[in-house]
Amino acid sequence: MHPLQCVLQAQRRGPWASVSWLLLRTCRAQSSVHGTTCPGPERQQENGVRKDFSSRLAAGPTFQHFLRSALDPQEKPDVEDPPPYLTVDELSGRQRKVYLETYGCQMNVNDTEIAWSVLQKSGYLRTRNLQEADVILLVTCSIREKAEQTIWNRLHQLKALKTKRLRSRVPLRIGILGCMAERLKEEILNREKMVDILAGPDAYRDLPRLLAVAESGQQAANVLLSLDETYADVMPVQTSPSATSAFVSIMRGCDNMCSYCIVPFTRGRERSRPVASILEEVRKLSEQVLQLIHERDNICKQIHLPAQSGSSRVLEAMRRGYSREAYVELVHHIRESIPGVSLSSDFIAGFCGETEEDHLQTVSLLREVQYNMGFLFAYSMRQKTRAYHRLKDDVPEEVKLRRLEELITVFREEATKANMASVGCTQLVLVEGHSKRSATDLCGRNDGNLKVIFPNVEVEDVSNSGVRVRAQPGDYVLVKITSTSSQTLKGHVLCRTTLKDSSAYC
């Protein structure tokens, strides 16, 4: 036998596989108490043993347990027992530093976030400095030969780093994760002795155990594919603090079996994440976006939140997917998260079946929320839409127009009230260019994306004391607001500034 020891964990149990495991556990538990093994055919003939077996069966799992397991395959215990050959302390990261490199597609980016989430929970620390890493993990791609060759080349570079590791430091561990680990398996371990662990796309939960085994000097691997692993209960942790986008994975694997593609063989059968876990991840990402808008001065404090109607009955007919109550709750949450945020919205007057009461509910929503900007229109039926095939455009045109005018009037009244709070305040304005209505004025946008009009005159430049300049498109200026309407703020310009310097004035 090859001296290499590859430690493989059994594939994650499905709901029906857990039946045999639970029965076995029950049997073993009773055996340790009574000093017997599971009853064989001969022993079952004895009345005492038969009674003993019945009592054990009654204490074991019920049929309802297996039904629950089948209906909720993603449910996992909060704390899993460690393998019998490892202690809890050995499974702990003990503050060791992990360096992660990602190659290939966006799924690998998501895999990296999942792997880091698992390791972070186990007590590992993240480092972006290769030289100080205790563990180096490469999340790999196998879609083309060139992608794999990139990893082979990288391993040669890391070999020198591992060889030069000081004896005073903990040994450097190197792991290959993802598709290449799944496809090449033993070839990697046999060809590159410096690789300590392999983990396929469905084995990231096992990373703490694999690393613990590697600490004993053995190579460890788990490259088994799963029919149900979606990491639904693992919340990905973004690995790049400067990332400007995020991806939410909704499925894993592929069943298409295209004649040229390796993916079904490296990522396994297609399976979808539970909807609840997808929504939870999107919710957390949304919270992060709100937090960023609040914290960053270079992000406009404005959110477009289309309502379309203030009536839950009409919203249901529109198939919007939310009620008035849910919408208002979201508005309150946004305003709590971003004080002073500017809100804009879309509204449709006279949708199919809209009653006068429905219309009045929309009017009341406009007054309640007090939007800063709005886009309001009378409904017009469009061919091929669901409304065209299923609903009746039964609101007369003159009623639509009358309701639209009422909505516009209320919107302007409330927007004017909201904008009046800016009068007397000094606001940072990003200059866009000349005003369309006056050649002597400039226009720009404030932090709430509202249009601000101010005179085109020479002003002091904060960055160059004593120098007077005229603001140009792209410049930041400070404007003291003197008047307002529902659409526009007006004021006089104080100086040209920068985003950094403006915080001292605003």
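Numbers given to residues run from 1 along each chain, matching the order in which its sequence is written. At least 70 in pLDDT is required for a residue's local features to be given in this predicted model, at least 80 for side-chain atom pairs to be given and counted, and no such filter applies to totals for whole chains, interfaces and linings, which use all residues. Heavy atoms from the whole structure form the basis of all side-chain values; hydrogens and water molecules are not counted.

Trainee: I keep staring at the overall build of the chain and nothing clicks. Help me out?
Mentor: Runs of H or I in DSSP of at least four residues are treated as helices and runs of E of at least two as strands, each being numbered from the N terminus. The helix and strand tally for the chain stands at 17 helices and 18 strands. Within the span of the chain, comprising 506 residues, buried residues form 44% of the whole. Counting every atom, the chain has about 28300 Å² of accessible surface; 54% of that belongs to carbon and sulfur. Residue burial is assigned from relative accessible area. The probe radius is 1.4 Å, only protein chains are included, and a residue is buried under 20% of its type maximum, exposed over 50%, and partly exposed in between. For the area figures, the Shrake-Rupley method with a 1.4 Å probe applies, and any residue is considered shielded solely by the protein chains shown.

Trainee: Please clarify how the packing of aromatic side chains should be interpreted in this entry.
Mentor: By convention here, two paired aromatic rings are described through the distance between centres and the angle between planes. Each pair of aromatic rings taken from Phe, Tyr and Trp, with Trp reduced to its six-membered ring, is defined by centres within 6.5 Å and is described as stacked if the planes are under 30 degrees apart, edge-to-face if over 60, and tilted in the remaining cases. This structure, assessed with the given rule, holds 4 aromatic pairs. For the ring pair F347 and Y371, a centre distance of 5.6 Å and an interplane angle of 70 degrees mean the geometry is edge-to-face. With a gap of 24 residues between them, F347 in strand β10 (residues 342-349) and Y371 in the loop between α14 (356-369) and β11 (373-378) connect regions that are remote in the sequence. Given a relative accessible area of 1%, Y371 falls into the buried group. The criterion for a charge sitting over a ring is simple: Lys NZ or Arg CZ within 6 Å of the ring centre, and within 35 degrees of the ring normal. We note R126 situated over the ring of W116; from NZ or CZ to the ring centre the distance is 6.0 Å.

Trainee: I keep staring at the packing of α14 against helix α16 (residues 397-420) and nothing clicks. Help me out?
Mentor: In a pair of packed helices, the angle between the axes and the distance between the axes together describe the arrangement. Across the interface, α14 lies against α16 with an axial gap of 9 Å and an inter-helix angle of 15 degrees. In terms of axis orientation, α14 runs roughly parallel to α16. Regarding α14 and α16, the two cross each other, and that crossing is right-handed. Here E356, H359, T362, V363, L366 and R367 of α14 lie close against α16, whose contacting residues are R402, R403, E406, L407, V410, F411, E413 and E414. Throughout this entry, Asp, Glu, Lys and Arg are counted as charged residues, while Ala, Val, Leu, Ile, Met, Phe, Trp, Tyr, Cys and Pro are counted as nonpolar. The remaining residues, Gly among them, count as polar. A per-class count over the contact of α14 with α16 returns 5 nonpolar, 2 polar and 7 charged. The axes used here are C-alpha line fits, helices contributing only the stretch in contact, and every angle between their N-to-C directions lies in the interval 0 to 180 degrees. Roughly parallel here means an angle under 35 degrees, roughly antiparallel means over 145, roughly perpendicular means 65 to 115, and every remaining angle is called oblique. Each helix crossing is assigned a hand: it is left-handed if the near helix lies turned anticlockwise from the far helix by less than a right angle, otherwise right-handed if that turn is clockwise. Between two residues, a contact is recorded if the distance between any of their heavy atoms is within 4.5 Å.

Trainee: Even after reading the chapter, I still don't get helix α6 (residues 145-163), so can you show me in this structure?
Mentor: Each α-helix turn comprises 3.6 residues. Residues three or four places apart therefore point the same way. Helices are assigned an expected span. That span is 1.5 Å times one less than the residue count. For α6, built from 19 residues, the straight-helix expectation of 27 Å at 1.5 Å per residue is met to within 8% by its first-to-last C-alpha distance of 27 Å. Those residues of α6 not exposed but buried are A147, E148, I151, W152, R154, L155, L158, L161 and K162. Looking at the buried side of α6, the elements it contacts are β1 (97-102), β3 (135-140), β4 (173-178), α7 (179-184) and α8 (186-191).

Trainee: Hey, could you run me through the sheet that holds strand β9 (residues 302-304) in this one?
Mentor: In a beta sheet, neighbouring strands pair by backbone hydrogen bonds and run either parallel or antiparallel. Two strands qualify as a pair provided that DSSP identifies no fewer than 2 bridges between them. With respect to topology, 3 strands assemble into an open sheet ordered β9-β10-β11, the strand pairing being parallel. Two strands bound the open sheet, and with one partner strand each, they are β9 and β11. The mean inter-strand angle of the sheet, taken between neighbouring strand axes irrespective of direction, is 15 degrees. Docked against the sheet, α16 engages β10 and β11, running at close to 170 degrees with respect to β11.

Trainee: Just checking my understanding: could you explain the environment of N129 for this structure?
Mentor: Relative to the elements of secondary structure, N129 occurs in the loop between β2 (125-126) and β3. Overall, the relative accessible area of 36% leaves N129 in the partly exposed class. Distance from N129 to K97, taken between C-alpha atoms, is 9.5 Å for residues 32 residues apart in sequence.

Trainee: Mind showing me how you'd approach unusual backbone geometry here?
Mentor: For residues other than glycine, phi is negative in most cases, and the peptide bonds are mostly trans. Despite not being glycine, Q370 has its phi angle at roughly 60 degrees, a positive value. Judged by its relative accessible area of 26%, Q370 falls in the partly exposed class. Its identity is not glycine, yet N449 carries a phi of approximately 70 degrees, on the positive side. Tracing the backbone shows N449 in the loop between β13 (441-445) and β14 (451-455). Take N449: its relative accessible area is 25%, and that puts it in the partly exposed class.

Trainee: Teacher, can you tell me more about the environment of Q472 here?
Mentor: Within the fold, Q472 resides in the loop between β16 (464-470) and β17 (476-484). Linking Q472 and H434, residues 38 residues apart in sequence, is a C-alpha distance of 9.3 Å. From its side chain, Q472 meets the backbone oxygen of R470 in a polar contact 3.4 Å long. The term polar contact refers here to a pair of N or O atoms within 3.5 Å; inside protein, the definition further demands a hydrogen-donor-capable atom paired with an acceptor-capable atom, and it admits residues adjacent in sequence only when both atoms are side-chain atoms.

Trainee: Help me understand the sheet that holds β2 in this model?
Mentor: Strands sit in the order β2-β1-β3-β4-β5-β6 across an open sheet of 6 strands; the sheet is parallel. What marks the edges here is a single partner per strand, and that holds for β2 and β6 (220-222). Pairing analysis gives 2 bridges linking β1 to β2, with the strands arranged parallel. Residue pairing across strands places K97 opposite L125, the latter belonging to β2. Across the sheet, helix α9 (residues 207-214) is in contact with β3, β4, β5 (197-199) and β6; its angle to β5 comes to roughly 165 degrees.

Trainee: I would appreciate a short explanation of the pairing of strand β12 (residues 426-434) in the present structure.
Mentor: Note on strand geometry: in a regular strand, side chains alternate between the two faces of the sheet. In this sheet, β17 lies alongside β12 in antiparallel orientation, the contact comprising 5 bridges. Each bridged residue has a counterpart across the sheet, and for Q427 the counterpart in β17 is V479. Note: β12 against β13, 4 bridges, orientation antiparallel. Looking at the pairing, H434 lines up with L442 of β13. With antiparallel pairing between neighbouring strands as the criterion, β12 and β13 make up a hairpin whose turn holds 6 residues.

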